[in-house]
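Geometric and topological summary
Read off the chains here:
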Amino acid sequence: MVMVILGTMDGVIAGANAMDEIKEVEMFKHQFDDMVTKVDELEQRVNEISQFYSSISKKQANNSKGSSVVKEREKEKQIANSKKLPQDPARREAASAKRMQELMRQFSTILRQIAQHKWAWPFMQPVDVEGLGLHDYYEVIEKPMDFSTIRNQMEATDGTGYKNVREIFADVRLVFKNAMTYNDEKSDVYVMAKTLLSKFEDKWLQLLPKVIEEETRRKEEEAEAQADMQLAQEAATAKLARDTSIEFCDLDSRLEELRETIVQKCRKMTTEEKRKLGSGLSLLSPEDLNKALEIIAQRNPNFQATAEEVYLDMDAQSESTLWRLKFFVRSALEAQANTTATKGQDNSKRKREICDALAKTAKKRSKRLST
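Small disclaimer: the values here were computed from a predicted structure and weren't measured.

**Thoughts on the overall build of the protein chain**
Along its length, the protein chain carries ten helices and two strands. Counting from the amino terminus, helix and strand elements in the protein chain follow one another as β-α-α-α-α-α-α-α-α-α-β-α. The buried share among the 371 residues of the protein chain stands at 25%.

Below is the structure:
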């Protein structure tokens, strides 16, 4: 156990004008409150940074479950993409929309060829359900479709039109499937629908490679855009982390300056206060005593805080060190007292419980004896 030997001399009490002291205290309090507010802001920023990097770690962990071949291919793509200049999102979207419009134009040619077939006339307009007396039509057909409806949606300019070729393909196919679903296999309409569907799908297969190529390209561009956004977010977060670290260091320096200024404004500690401080040090637990010695060592590099026997000259310590020691000792002793009080309460409670249990047992035994 470390032994602390104390020495003291008379101190001088410094005084100041009462009003000036009040103004200075208010000024220090204002500065400290500003620092507390700044700390709260920085802590919130640190939480956001931590959450961002945590989400990245989870994504990387999920991606690591893939095969090594896939990882190598993704790595090659990332290297290749990193050599390209980032494309403006609006320009990329405009180029993609233009390519899709070209595919729709080519699809429109296919649709026109099918519509010009001599057997296409039953499918050009919506089915005249009432005129033909098809009372169960809407029970059998969930989504009616015809060429005029498809054409109108292809030409729509209010944003309700088709977004891609596959949507048009699905509706054209639905026209013929509806006819084949509602009509008997031996009926003329069924045969006409089946024949035109076969011709349409043959022409669609010729266009399909271009559709797949565009879809693949669009997915790659979306992945690149996502990667660019991720890189931008990482760069911004890294800068935010650096700035936050710098602000924390600056705040720590300001706090230390404020602490020193306040200590310098304080009066010198009296002989009696030093004596009480020495008595308080002797009451500390070994762990708290080591912390107290570390406080002294912070201001005095030559002080051997880890020696088995330490001589502590109270008059040789700076006022800053003495006041820091006083606040620490008071806080540590209060914590020790609270811990002791809690243990005493627990012991008293336990004793009462044992006494109550013994009393109940004795009462039950006396009842048995009287019986």
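**Observations concerning the packing of aromatic side chains**
Counted under the stated rule, the structure contains ten aromatic pairs. Taking the centre distance of 5.3 Å and the plane angle of 80° together, the rings of Phe-123 and Phe-176 count as edge-to-face. Pair noted here: Phe-123 is in the loop between helix H3 (89-115) and helix H4 (137-140) and Phe-176 is in helix H6 (residues 165-182), with a separation of 53 residues, a long-range link. Summarising the burial analysis for this pair, Phe-123 and Phe-176 share the class buried. Their ring planes at 40° and their centres at 6.1 Å tell us that Trp-323 and Phe-327 sit as a pair that is tilted. You can see Trp-323 and its partner Phe-327 sitting in helix H10 (residues 319-370), four residues apart, about one turn around the helix. Classification of Trp-323 by relative accessible area gives buried; the value is 9%. Accessibility expressed as a relative area gives 46% for Phe-327, which makes it partly exposed. Aromatic ring contacts, followed pair by pair, group Phe-107, Phe-169, Phe-200 and Trp-204 into a single cluster.

**Quick notes on the side chain of Glu-273**
Relative to the elements of secondary structure, Glu-273 occurs in helix H8 (residues 271-282). Contact partners of Glu-273, with chain neighbours within four places excluded, come to Arg-267, Lys-268, Trp-323 and Lys-326.

**Considerations on the environment of Trp-121**
Along the chain, Trp-121 falls in the loop between H3 and H4. On the basis of relative accessible area, Trp-121 is assigned to the exposed category, the value being 63%. Along the backbone, Trp-121 and Phe-147 are 26 residues apart, and their C-alpha atoms lie at a distance of 9.7 Å.

**Notes on the nonpolar core**
Phe-107, Ile-150, Val-165, Val-172, Phe-176 and Phe-200 are the most contacted members of the largest nonpolar core, which totals 31 residues. Elements with a minimum of two residues in this core: H3, helix H5 (147-154), H6 and helix H7 (188-265). In terms of residue count, H7 provides more of this core than any other element does, ten residues in total. When neighbours within four sequence positions are excluded, Val-172 is seen to be in contact with Phe-107, Leu-111, Phe-147, Ile-150 and Phe-200. In this structure, Phe-303, Met-314, Phe-328 and Ala-332 belong to the second largest nonpolar core, which totals 19 residues.

**Thoughts on the packing of H3 against H6**
For any two helices packed against each other, one specifies the inter-axial angle together with the distance between the axes. Look at H3 against H6: their axes get within 9 Å of each other, and the N-to-C directions meet at 20°. In terms of their interaxial angle, H3 and H6 are classed as roughly parallel. In this structure, H3 meets H6 at a crossing whose hand is right-handed. Only Val-165, Ile-168, Phe-169, Val-172 and Phe-176 of H6 make contact with H3, whose side of the interface consists of Met-100, Leu-103, Met-104, Phe-107, Leu-111 and Ile-114.

**Focus on the environment of Phe-52**
Inspection of the secondary structure assignment puts Phe-52 in helix H1 (residues 18-63). On the basis of relative accessibility, which here comes to 16%, the residue Phe-52 falls in the buried class. Discounting chain neighbours no more than four positions away, the residues touching Phe-52 are Gln-230, Gln-233, Glu-234 and Thr-237.

**Overview of the pattern of salt bridges**
Using the criterion set out here, one finds 17 salt bridges in the structure. Notably, a salt bridge pairs Glu-222 with Arg-218, separated by 3.8 Å at the nearest N-O pair. A residue pair is termed a helical-turn pair when its members lie 3 or 4 positions apart in one helix, as Glu-222 and Arg-218 do in helix H7 at four residues. With relative accessibility at 48%, the residue Glu-222 sits in the partly exposed group. One salt-bridge network, in which partners are shared between bridges, spans Lys-38, Glu-41, Arg-45 and Glu-247.

Rules of the game
- Residues numbered from 1 in each chain as written.
- Predicted model: local features only at pLDDT ≥ 70, side-chain atom pairs only at ≥ 80, totals over all residues.
- Heavy atoms only, no water.
- Helix = DSSP H or I, 4+ residues; strand = E, 2+ residues; numbered from the N terminus.
- Buried < 20%, exposed > 50% of the residue type's maximum accessible area, 1.4 Å probe, protein only.
- Phe/Tyr/Trp six-rings, centres within 6.5 Å; stacked < 30°, edge-to-face > 60°.
- Contact = heavy atoms within 4.5 Å.
- Core = buried A, V, L, I, M, F, W, Y, C linked by side-chain atoms within 4.5 Å.
- Axes fitted to C-alpha atoms, helices over the stretch in contact; angles between N-to-C directions.
- Parallel < 35°, antiparallel > 145°, perpendicular 65-115°, else oblique.
- Left-handed = near helix turned anticlockwise from the far one by under 90°.
- Salt bridge = Lys/Arg side-chain N within 4 Å of Asp/Glu carboxyl O.

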